[in-house]
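# Structural overview for review
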Amino acid sequence: MSRKPVPPLQSGWVLVDGLPVFHRFNVDAGSDAGAMVHVHGFGISGTYLEPTAALLAPRYRTFVPDLPGMGRSIRPEPGLDLPGLAKALMSYCDAVGVERPILVGNSLGCPIILEVAASFPDRIERAVMVSPAGGPNNQPLGRAIGQMAMDGLREPPSMLPIATRDFLRFGALRSLSLFAAMTRYPTLERLPRLVVPTLVIAGLRDPLVRIANAPRLAVVPHIDAVTVPGAHALNYRDPQLIAELIEAHIAGEPLATETGRRSVVRVVSVDGN
């Protein structure tokens, strides 16, 4: 029997470009609430994004798809590259009736958000990029593989069975191919196309993300960047903090506070000063 998603999320299937896509969702916030779509990393399902998504579901219409070919979703032939995944994400939004979502990505989900911003600029309300992978810091491929291996030792042990199951289902060769595409993605060239309000969250122990590169984010007109404790899968490791940061960003509240959960947050300058 299939596991149930983290409450109040529900699970189901929806047709996207003629193929079944598995997703988790909750629309109890009502038709007037903003829509939030959570975008997972390469070769894995949206399962590890459920903890953060579930905390935000009472206030936002919430959707967590398994992108085509990953998780339980049916694989198209041939497989999709990053532009294809961005297009599929927009087709998924069409299928669930979402015109301009808040996109919350982790890892590969962040380059997908950049591709959406470049190819479908009218379809994104706001962006949250957690542990943005891809680009020069993950090149060459051998370096990126080493970074992934190091990160695996820094994640919660309960993340291992989720990742193992999903990667085995996706397949080693497909995982390597998509991972290589992520490392080659022209992140710096795409950044100027991200003109919506954006929040970047990086873990201090994430080997795939170099927050020292934050000044490169200055080309984005409305961006905030912060660091938090933890490694790559922050949406799974510390959902309470990530959800609180997302809500503070949307509300225009301080991202770092002297007390409470956000006291561990450090705001990063993106202008080099």
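The structure under discussion appears in the preceding block.
In this text the structure is predicted, and so the values were computed from the model without any measurement. (Residues numbered from 1 in each chain as written. Predicted model: local features only at pLDDT ≥ 70, side-chain atom pairs only at ≥ 80, totals over all residues. Heavy atoms only, no water.)

### As for the packing of helix α2 (residues 82-95) against helix α3 (residues 109-119)
Between α2 and α3, whose axes approach to 9 Å, the crossing angle comes to 75°. When the axes of α2 and α3 are compared, the pair comes out roughly perpendicular. Residues Leu 82, Pro 83, Leu 85, Ala 86, Leu 89 and Met 90 of α2 form the contact with α3, whose participating residues are Pro 111, Ile 112, Glu 115 and Val 116. Here the contact of α2 with α3 is composed, by residue class, of nine nonpolar, no polar and one charged. (Axes fitted to C-alpha atoms, helices over the stretch in contact; angles between N-to-C directions. Helix = DSSP H or I, 4+ residues; strand = E, 2+ residues; numbered from the N terminus. Parallel < 35°, antiparallel > 145°, perpendicular 65-115°, else oblique. Contact = heavy atoms within 4.5 Å. Nonpolar A, V, L, I, M, F, W, Y, C, P; charged D, E, K, R; others polar.)

### Brief notes about empty space enclosed by the protein
Taken as a whole and assessed by the stated rule, the structure comprises two cavities of 30 Å³ or more. The computed volume of the largest cavity comes to approximately 330 Å³. If you trace the largest cavity, you find 22 residues lining it, with Pro 132, Gly 134, Thr 187, Asn 213 and Leu 217 closest to the centre. The set of elements that each furnish at least two residues to the lining of the largest cavity consists of α3, β6 (126-132) and α7 (187-190). Here the element with the most residues in the lining of the largest cavity is α3; it accounts for three residues. Reported here for the second largest cavity is a volume of approximately 30 Å³. Grouping the amino acids of the lining of the second largest cavity by side-chain chemistry returns six nonpolar, no polar and one charged. (1 Å grid on protein atoms, 1.4 Å probe; cavity = no way out; pocket = protein on both sides within 12 Å on 5 of 7 lines; lining within 4 Å. Points joined across faces, edges and corners; volume = space filled by probe spheres on them.)

### Structural notes on the packing of aromatic side chains
Following the criterion strictly, the structure yields two aromatic pairs and no others. Judged by centre distance (5.3 Å) and plane angle (70°), the ring pair of Trp 13 and Phe 22 falls under edge-to-face. Residue Trp 13 is classed as partly exposed on the basis of its relative accessible area, which comes to 44%. Relative to Phe 167, the ring of Phe 42 lies with its centre 5.5 Å away and its plane at 35°, an arrangement referred to as tilted. Here Phe 42, found in the loop between β3 (35-39) and α1 (50-56), pairs with Phe 167, found in helix α5 (residues 159-170); they are 125 residues apart in sequence, far enough to count as distant. A relative accessible area of 8% means that Phe 42 is categorised as buried. Directly above the ring of Phe 22 sits Arg 72, whose terminal nitrogen or CZ lies 4.3 Å from the centroid. (Phe/Tyr/Trp six-rings, centres within 6.5 Å; stacked < 30°, edge-to-face > 60°. Buried < 20%, exposed > 50% of the residue type's maximum accessible area, 1.4 Å probe, protein only. Lys NZ or Arg CZ within 6 Å of the ring centre and 35° of its normal.)

### Some thoughts on the pattern of salt bridges
This structure, assessed with the given rule, holds 13 salt bridges. Of the charged contacts, one joins Arg 59 and Glu 247 as a salt bridge, the two residues approaching to 2.5 Å between their closest N and O atoms. In this pair, Arg 59 sits in the loop between α1 and β4 (61-65) while Glu 247 sits in helix α9 (residues 239-251), placing the two residues 188 residues apart along the sequence. Judged by relative accessible area, which is 42%, Arg 59 ranks as partly exposed. One connected set of salt bridges, linked through shared partners, spans Arg 3, Arg 24, Glu 50 and Asp 66. (Salt bridge = Lys/Arg side-chain N within 4 Å of Asp/Glu carboxyl O.)

### Regarding the side chain of His 232
Mapping His 232 onto the fold places it in the loop between β8 (223-228) and α8 (234-237). Overall, the relative accessible area of 6% leaves His 232 in the buried class. Among the polar contacts listed, one links the side chain of His 232 to the side chain of Asp 206, at a separation of 2.7 Å. Excluding residues within four positions of it along the chain, His 232 makes contact with Asn 106, Ser 107, Ser 131, Ala 133, Asp 151, Glu 155, Asp 206, Leu 208 and Val 209. (Polar contact = N/O pair within 3.5 Å; in protein donor to acceptor, adjacent residues only side chain to side chain.)

### Observations concerning the nonpolar core
Formed by 52 residues in total, the largest nonpolar core has its most connected members in Leu 89, Tyr 92, Leu 103, Leu 108, Ile 112, Leu 178 and Leu 194. Listed by contribution, the elements that provide at least two residues to this core are β1 (10-16), β3, α2, α3, β6, α6 (172-184), β7 (198-203) and β8. The biggest single contributor to this core is α2, with seven residues. Those residues in contact with Leu 194, other than ones at most four positions away along the chain, are Ile 113, Leu 114, Ala 117, Ala 127, Met 129, Val 220 and Pro 221. One finds Met 36, Leu 241, Ile 242 and Ile 246 within the second-largest nonpolar core, a separate group that totals 20 residues. (Core = buried A, V, L, I, M, F, W, Y, C linked by side-chain atoms within 4.5 Å.)

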